[in-house]
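The lines below spell out each chain.
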Amino acid sequence: MISPLLANIYLHVLDSYWLRDYARLGWLVRYADDFVVICASKSEAEEALAAIRSILAKLKLQLHPEKTRLVEVRRQGFDFLGFSIRKVKSRKSGKYAPLAWPSCKSMKRIRRKLHEATDRRWRVLSMEDVVKRLAQIVRGWCGYFRYSNANRKLRDLDHYVLERLYRLYRKKAGTRTKGSGTRFWEWFKTCGVACFYMPGKCGRTP
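All of the points below concern the structure found in this document. (Residues numbered from 1 in each chain as written. Predicted model: local features only at pLDDT ≥ 70, side-chain atom pairs only at ≥ 80, totals over all residues. Heavy atoms only, no water.)

Applying the stated criterion across every chain yields a total of five salt bridges. In this structure, the salt-bridge partner of Asp 15 is Arg 30, at a minimum N-O distance of 2.7 Å. You can see Asp 15 sitting in helix 1 (residues 4–22) and its partner Arg 30 sitting in strand 1 (residues 27–31), a full 15 residues away along the chain. Salt bridges here are not isolated pairs; linked through shared partners, they connect Glu 116, Asp 119 and Arg 121. (Salt bridge = Lys/Arg side-chain N within 4 Å of Asp/Glu carboxyl O. Helix = DSSP H or I, 4+ residues; strand = E, 2+ residues; numbered from the N terminus.)

As structure tokens, this is what we get:
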């Protein structure tokens, strides 16, 4: 593992070699030391892999053996920079188009953050303060992932936030308090919690 700055300095050489000698093989997309090459055929992908290994050898670098692989985008797809990317057949046109959505690792990370922000130890805070903490997490995450094909996953996260807030609300009120569900829902509709999917459409009645 090297710093993004050092990776950019080293791998700028890879970019230069690729554009000069190998661009015909495919499209190289790189961020720091993470990169993919999109090729039109398996033979071009194999040639591209050999070319990259040769270039990196000149820099005394090598590809990560576990992360390096050739995949068919229609069948397996791949994860890159937090996204899962795959070609999917359109029901309307019958043509394949690339789609992207948050990867499983990205979904696990954001759920951990949401769980942490609504942990029962925060019942010492007001619910309004908890909502403010959530807003920072939601807006930052959505700023990166909202413009992908992620509507279903975003809706799932809104439901998760609703459930976590309900649990915390009950902990603060006391689990045996009658009518806590009704009072929670009345509070929730006006609390202004930030949504992953769409403002005002954050969830359903607990």
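The pairing of strands in a sheet comes from backbone hydrogen bonds and takes either a parallel or an antiparallel form. One open sheet holds the three strands; their spatial order is 3-4-5, and the pairing between them is antiparallel. At either end of the open sheet lies a strand with only one pairing partner, and these are strand 3 (78–80) and strand 5 (96–102). Each strand axis lies, on average, 35 degrees off the axis of its neighbour in the sheet, ignoring direction. Where strand 4 (residues 83–89) meets strand 5, seven bridges bridge the pair, whose relative direction is antiparallel. Residue pairing in the sheet places Val 88 in a bridge with Ala 97 of strand 5. (Pairing = 2+ DSSP bridges. Axes fitted to C-alpha atoms, helices over the stretch in contact; angles between N-to-C directions.)

This part covers unusual backbone geometry. Even without glycine at this site, Lys 60 takes up a positive phi of about 60 degrees. Tracing the backbone through its elements, the reader meets Lys 60 in the loop between helix 2 (42–58) and strand 3. The exposure class assigned to Lys 60 is exposed, which follows from its relative accessible area of 77%. With phi around 55 degrees, Leu 81 is a residue other than glycine that occupies positive phi space. For Leu 81, the position within the fold is in the loop between strand 3 and strand 4. (Buried < 20%, exposed > 50% of the residue type's maximum accessible area, 1.4 Å probe, protein only.)

Leu 114, Leu 165, Trp 187, Phe 188 and Phe 196 are the most contacted members of the largest nonpolar core, which totals 33 residues. Going through the elements one at a time, helix 3 (104–117), helix 4 (127–145), helix 5 (151–173) and helix 6 (180–188) are the ones with two or more residues in this core. Ignoring anything within four residues of it in the chain, the contact list for Leu 165 reads Thr 118, Met 127, Val 130, Leu 134, Phe 184, Trp 187, Phe 188 and Val 193. Phe 35, Ala 48, Leu 49 and Ile 55 belong to the second largest nonpolar core, which has 14 residues in total. (Core = buried A, V, L, I, M, F, W, Y, C linked by side-chain atoms within 4.5 Å. Contact = heavy atoms within 4.5 Å.)

The set of residues buried in helix 6 consists of Ser 180, Phe 184, Trp 185, Trp 187 and Phe 188. For helix 6, the buried positions fall inside an angular range of 160 degrees around the axis, keeping them on one side. Of the surrounding elements, those touching the buried residues of helix 6 are helix 4 and helix 5. (Arc of directions from axis to C-beta.)

Turning next to the state of the cysteines. Scanning all chains against the criterion turns up zero disulfides. Cysteine Cys 142 shares no disulfide, and the gap to the nearest cysteine sulfur, in Cys 195, comes to 8.9 Å. Residue classification places Cys 142 among the buried positions, given a relative accessible area of 3%. (Disulfide = S-S within 2.5 Å.)

Before going further, it helps to spend a moment on the packing of aromatic side chains. What characterises a pair of aromatic rings is the spacing of the ring centres plus the angle enclosed by the ring planes. Considering all chains together, one arrives at 12 aromatic pairs under this definition. Ring centres of Trp 141 and Phe 145 lie 4.4 Å apart, and the angle between their planes is 35 degrees; this geometry places the pair in the tilted category. With a gap of four residues between them, Trp 141 and Phe 145 both fall in helix 4, about one helical turn apart. Neither residue differs from the other here; Trp 141 and Phe 145 are each classed as buried. Three or more aromatic residues link up through ring pairs in this structure, and these residues are Tyr 166, Tyr 169, Phe 184, Trp 185, Trp 187 and Phe 188. The aromatic ring of Tyr 197 is capped on one face by Arg 155, whose charged end is 4.9 Å from the ring centroid. (Phe/Tyr/Trp six-rings, centres within 6.5 Å; stacked < 30°, edge-to-face > 60°. Lys NZ or Arg CZ within 6 Å of the ring centre and 35° of its normal.)

Interpretation in functional terms is not warranted from these geometric data alone.
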